[in-house]
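# A structural walkthrough
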Amino acid sequence: MCDCADCLTASTLDNPRRRLLLGAAGLAAFGATGWAETAYAEVPSNDIGGEEALKRLLAGNARYAANKPNMRDFSAGRAARVKTQKPIAAILSCSDSRVAPELAFDQNPGDVFIVRVAGNFVNDDGLASFEYAAKFLNVPLIVVLGHNNCGAVDATVKVLKENAELPGHLPELVNAIKPAVERASQGEPKNLLAAAIAENVRLAVQRLQSAQPVLKSMVEQKKLMVAGGAYDLATGKVTLV
């Protein structure tokens, strides 16, 4: 069998199996060199300030929406993260399966600390989690992330406008979102659901900014920034609210 370069090239191009094996070998070689270089001995610092953290998230979202996320090795830095975590932001997200903050902001493992609850409202458990993130993980930024067509907010609208009845513990969820729907209704918007979703984000931001004794003092001291945004399910874009 001829092993000259010309014959090898020709036979490889004509053989799908050989092309597949060659491609796999190339990826393995890249993984052993290119991706390995992204591993780090220490977790990168999150001492960057809230404004810079928000810029990083929005830049990542722009990559995600354009379908051009950073190529990454998810095992890189795993050993370093055993000892500590230094997320650049904490995110209050809806539990909706279509919303994945790590992907939407194109961040690495360990970059975002996430609390999820249907309707992305602030309850006591979530508040304690954010206090932990701010006080002990030193996150410079908290983002409240709502999204369009939110089922939890829509359910609350139906309960208030149509007297719908919900089973189990769902009435407790409705009670938490109810103030946002009521406030949005005062403006008589054309799209009450969209207005209520935005208002729900704003109320959560306000509660986090004013939460004592931990978060309020950190916000006043400029150690912590709280922002709100809305994720569009169709485009993947996050718009600040």
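Residues numbered from 1 in each chain as written. Predicted model: local features only at pLDDT ≥ 70, side-chain atom pairs only at ≥ 80, totals over all residues. Heavy atoms only, no water.

Right, let's get into the overall build of the chain. Counting its secondary structure elements, the chain contains 10 helices and five strands. Within the chain, the proportion of its 241 residues that are buried is 37%. A separation of at least 24 residues holds for 70% of the contacts in the chain among residues at least 6 apart in sequence. For the chain, the accessible surface area stands at approximately 13,900 Å², while carbon and sulfur atoms represent 54% of it. (Helix = DSSP H or I, 4+ residues; strand = E, 2+ residues; numbered from the N terminus. Buried < 20%, exposed > 50% of the residue type's maximum accessible area, 1.4 Å probe, protein only. Contact = heavy atoms within 4.5 Å. Areas by Shrake-Rupley, 256 points an atom, 1.4 Å probe, with all protein chains shown as cover.)

Another point: the layout of surface pockets. By volume, the second largest pocket amounts to about 230 Å³. Residue lining of the second largest pocket: 17 residues in total, with Ala134, Asn138, Val139, Met218 and Lys223 positioned closest to the centre. Those elements giving two or more residues to the lining of the second largest pocket turn out to be helix H6 (124–136) and helix H10 (215–220). Among the residues forming the lining of the second largest pocket, the class breakdown is seven nonpolar, six polar and four charged. (1 Å grid on protein atoms, 1.4 Å probe; cavity = no way out; pocket = protein on both sides within 12 Å on 5 of 7 lines; lining within 4 Å. Points joined across faces, edges and corners; volume = space filled by probe spheres on them. Nonpolar A, V, L, I, M, F, W, Y, C, P; charged D, E, K, R; others polar.)

Turning to the environment of Ala53, a few remarks are in order. Within the fold, Ala53 resides in helix H3 (residues 50–65). Residues Ala53 and Leu141, 88 residues apart in the sequence, show an inter-C-alpha distance of 6.6 Å. Not counting chain neighbours up to four residues away, the residues in contact with Ala53 comprise Ile48, Ile88, Pro140 and Leu141.

To continue, consider the sheet that holds strand S1 (residues 89–93). Pairing within the open sheet is mixed, and its five strands lie in the order S2-S1-S3-S4-S5. Of all the strands in the sheet, just strand S2 (112–116) and strand S5 (238–240) have a single pairing partner and so form its edges. Sheet twist, expressed as the mean angle between neighbouring strand axes with direction ignored, is 30°. Where S1 and S2 come together, five bridges link them in parallel fashion. Counted as the bridge partner of Leu92 is Val115 from S2. Along the sheet, H3 makes contact with S1, S2, strand S3 (141–147), strand S4 (225–231) and S5, crossing S3 at roughly 35°. In the packing of H6 onto the sheet, the strands contacted are S1, S2 and S3, and the crossing angle to S2 comes to about 170°. (Pairing = 2+ DSSP bridges. Axes fitted to C-alpha atoms, helices over the stretch in contact; angles between N-to-C directions.)

Turning our eyes to something else, we now look at the confidence of the model for the chain. Considering every residue of the chain, the mean pLDDT works out to 87; 83% of them sit at 70 or more. Every residue in residues 1–14 is under pLDDT 50, and counting partners more than four places away or in other chains gives eight contacts. (pLDDT = per-residue confidence, 0-100.)

Within S3, seven of the seven residues are buried, which leaves it mostly tucked inside the rest of the structure. Taking every second residue as pointing to the same face, both faces of S3 are buried, with Leu141, Val143, Leu145 and His147 on one and Ile142, Val144 and Gly146 on the other. The pairing of S1 with S3 spans four bridges and is classified as parallel. Of the residues in S3, the one forming a bridge with Ile91 is Val143. Pairing analysis gives seven bridges linking S3 to S4, with the strands arranged parallel. When the bridges of S4 are listed, Val143 appears paired with Ala227.

Once that is clear, we can look at the side chain of Thr156. With respect to the element layout, Thr156 can be found in helix H7 (residues 151–162). Judged by its relative accessible area of 0%, Thr156 falls in the buried class. Engagement of the side chain of Thr156 in a polar contact is seen with the backbone oxygen of Ala152, the distance being 3.0 Å. If we ignore the near neighbours within four places in the chain, the residues touching Thr156 are Val174, Ile177, Lys178 and Val181. (Polar contact = N/O pair within 3.5 Å; in protein donor to acceptor, adjacent residues only side chain to side chain.)

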